[in-house]
Amino acid sequence: QVQLVESGGGLVQAGGSLRLSCAASGLTFSSHTMGWFRQAPGKEREFVARIGRNGDSTSYGDSVKGRFTISRDNAKSTVYLQMNSLKPEDTAVYYCAASRLMGVQYNYWGQGTQVTVSS
């Protein structure tokens, strides 16, 4: 049974930082591209970042480029999202996801962690 468990969300002031973690189990972690997505109330789910299986390739949504950094530790089956210079518009539920298809389609999703940025 595949499980993706996010942690690290919370309430932070604008300009602050948070580091999200996503611990994976039940899958061959190093064989999956990992991604972060977010969804704010009343909005569609938005792509945040993606990292390749070996961590050698990353991509970011335009709204987070230069502020967020995705990384992974295959030995720990964990993917991270370092979020700096947070803005109120970053407020959302953040989800991690695992893809067998290099990010074309995501096969597994976590339950999400709430990030709230106050102004």
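To be clear, the structure that these remarks concern was listed above.
Residues numbered from 1 in each chain as written. Predicted model: local features only at pLDDT ≥ 70, side-chain atom pairs only at ≥ 80, totals over all residues. Heavy atoms only, no water.

A. Expanded view of the packing of aromatic side chains. Evaluated as defined, the whole model comprises four aromatic pairs. Geometrically, the ring pair formed by Phe-37 and Phe-47 is edge-to-face, given 5.7 Å between the ring centres and 70 degrees between the ring planes. One end of the pair, Phe-37, is in strand 4 (residues 33-39); the other, Phe-47, is in strand 5 (residues 46-51), with ten residues separating them in the sequence. Taken together, a centroid distance of 4.9 Å and an interplanar angle of 55 degrees make the contact between Phe-37 and Trp-109 tilted. With Phe-37 in strand 4 and Trp-109 in strand 10 (residues 108-109), this residue pair connects regions lying 72 residues apart in the sequence. For Phe-37, a relative accessible area of 10% gives the class buried. Exposure remark for Trp-109: the relative accessible area of 30% places this residue in the partly exposed category. If you follow Arg-19 out to its NZ or CZ, it ends over the ring of Tyr-80, 4.0 Å from the centre. Sitting over the ring of Trp-109, Arg-45 keeps its end group 4.1 Å from the ring centre. (Phe/Tyr/Trp six-rings, centres within 6.5 Å; stacked < 30°, edge-to-face > 60°. Helix = DSSP H or I, 4+ residues; strand = E, 2+ residues; numbered from the N terminus. Buried < 20%, exposed > 50% of the residue type's maximum accessible area, 1.4 Å probe, protein only. Lys NZ or Arg CZ within 6 Å of the ring centre and 35° of its normal.)

B. Inspection of the pattern of salt bridges at higher detail. Tallying each qualifying case throughout the model produces four salt bridges. Arg-38 is paired through a salt bridge with Glu-46; the nearest N and O atoms lie 2.8 Å apart. Its relative accessible area of 30% is what places Glu-46 among the partly exposed residues. For Asp-90, the salt bridge identified is with Arg-67, shortest N-O distance 2.7 Å. Taken together, the residues span a long stretch of sequence, with Asp-90 in the loop between strand 8 (78-83) and strand 9 (92-99) and Arg-67 in the loop between strand 6 (58-60) and strand 7 (68-73) at a distance of 23 residues. Considered together, Asp-90 and Arg-67 belong to a single accessibility category, that of buried residues. A cluster of three or more residues bridged by salt bridges with shared partners is formed by Arg-38, Glu-46, Arg-67 and Asp-90. (Salt bridge = Lys/Arg side-chain N within 4 Å of Asp/Glu carboxyl O.)

C. Fine view of the environment of Thr-33. If you trace the backbone, Thr-33 turns up in strand 4. Since its relative accessible area comes to 5%, Thr-33 is described here as buried. Remark: the alpha-carbon pair of Thr-33 and Met-102, spanning 69 residues in sequence, is separated by 5.3 Å. If near-sequence neighbours (up to four positions away) are discounted, Thr-33 is found in contact with Arg-50, Ile-51, Gly-52, Arg-53, Arg-72, Ala-97, Ala-98, Ser-99, Met-102, Gly-103 and Tyr-106. (Contact = heavy atoms within 4.5 Å.)

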